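# A look at the structure
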Amino acid sequence: MKKLVILIPTFNESFTIVEQLRKLEIYRSSSTDEISVLVIDDNSPDATADLVDNLNLSWVEVLRRPAKAGLGAAYRAGFAKVLGTNLFTHVVTMDADGSHRVEDLPAMISAIKPGRSITLGARWIPGGSVKNWPKSRQVISKTGTRYAKFALKINLNDLTGGYRIYSVELLNALNLKDMQATGYCFQIEMAMAADLAGAVATEVPITFVERINGVSKMTKAIVLEALIQITRWGLVRRLRPNADKLHYVK
Ligand SMILES: Nc1nc2c(ncn2[C@@H]2O[C@H](COP(=O)(O)OP(=O)(O)OP(=O)(O)O)[C@@H](O)[C@H]2O)c(=O)[nH]1
Ligand SMILES: [Mg+2]
């Protein structure tokens, strides 16, 4: 039996988080695995954190952070909290807005490999797809993955997606506090760190559904950060091959 904790970062997700937790509640009631949730909220002005707390779900906890500090920072805080407990075997990362379908979770859990492992929900592989996602976002995501794949020499097909399962064994082998990315390129940085740690990576096709409610936090600054960081990491990997391993892997 696996013990999974699902990290859900939120910023102003009061329109979407309840529905996502309801779906998870149905799934967990029929699952043979242990499943709990940590919502990581950056003091959302729409009181997302209070809304979640008021649901009074015994398997859901909220980590309240003082201010919006980006997806990478939220995940780092979440990882630190759950790894400190020794209660879990695996950590799932999932968006709050319904884009990461609970329906795809069983296949991802079944695909988990033993030891240091990363299981990635992938849109750009056979069987994977996107629904209602604007062409412009698809281009950014596909181009980002292609560039990261080339620059970082990682043979995966969806490096920008955030629907993943990490084994605790892998996370404990990484210097998580030394991760650098603030925005969404945290996902790429984690894939690179997992690769450096020798993790087994498995891609599982998912259907990514564009949010219906709430507002996207994607900005030009986030895309620019990704571009700059990938280029920098790519150069380090080529010029000082051992330095990045020492940086990311304990
Ligand atoms: N805690 C925290 N969560 C964040 C932050 N930025 C984004 N998120 C959450 O990260 C998840 C992904 O963000 P989205 O705004 O949906 O980004 P996206 O999926 O690229 O954009 P959409 O296409 O609009 O869905 C959501 O659950 C957000 O609430 C942040 O700075 N702090
Ligand atoms: Mg989203």
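Parameters and conventions
Residues numbered from 1 in each chain as written. Chains lettered and ligands numbered in written order. Predicted model: local features only at pLDDT ≥ 70, side-chain atom pairs only at ≥ 80, totals over all residues. Helix = DSSP H or I, 4+ residues; strand = E, 2+ residues; numbered from the N terminus. Rg over C-alpha atoms; globule rule 2.2 N^0.38 Å. Buried ≥ 20, exposed ≤ 12 C-beta atoms within 10 Å, placed from the backbone. Contact = placed C-beta atoms within 7 Å. Pairing = 2+ DSSP bridges. Axes fitted to C-alpha atoms, helices over the stretch in contact; angles between N-to-C directions. Near = placed C-beta within 6 Å. Nonpolar A, V, L, I, M, F, W, Y, C, P; charged D, E, K, R; others polar.

## Details of the overall build of the protein chain
Secondary structure summary: the protein chain contains nine helices and nine strands in total. In terms of C-alpha radius of gyration, the protein chain reaches 17 Å, essentially the compact-globule figure of 18 Å for 250 residues. Overall, the protein chain is about 50 × 40 × 40 Å in size when its C-alpha atoms are taken along their principal axes. Burial analysis of the protein chain (250 residues in total) assigns 42% to the buried set. By sequence separation, contacts in the protein chain at least 24 residues apart represent 81% of the contacts at least 6 residues apart.

## Quick notes on unusual backbone geometry
One non-glycine residue, N12, lies in positive phi territory at about 55°. Following the sequence through the fold, N12 ends up in the loop between β1 (3-10) and α1 (17-30).

## Brief notes about the sheet that holds strand β8 (residues 200-205)
Spatially, β3-β2-β1-β4-β7-β5-β8 is the arrangement adopted by the seven strands of the open sheet, whose pairing is mixed. Two strands bound the open sheet, and with one partner strand each, they are β3 (60-64) and β8. Strand-to-strand twist in this sheet, taken as the mean axis angle between neighbours without regard to direction, amounts to 20°. Bridge count between β1 and strand β2 (residues 34-41): eight bridges; the pairing is parallel. When the bridges of β2 are listed, T10 appears paired with D41. Of the strands in this sheet, β1, β2 and β3 are in contact with α1, which crosses β2 at around 165°.

## Overview of the pairing of strand β4 (residues 90-93)
Burial of β4 is two-sided: the residues H90 and V92 facing one way and the residues V91 and T93 facing the other way are all buried. Here β1 pairs with β4 via four bridges, running parallel. Residue pairing across strands places I6 opposite V92, the latter belonging to β4. Pairing of β4 with strand β7 (residues 164-167) involves four bridges; the strand directions are antiparallel. Of the residues in β7, the one forming a bridge with V92 is I165.

## Observations concerning the site of ligand 1
Every one of the 22 residues lining ligand 1 counts as a neighbour, but P9, A74, A96, S216 and K217 are closest to it. Counting residues per element, the ones that place at least two in the shell around ligand 1 are β1, β2 and α3 (71-83). Considered class by class, the residues forming the shell around ligand 1 number eight nonpolar, four polar and ten charged.

By themselves, these figures tell us nothing about what the structure is for.
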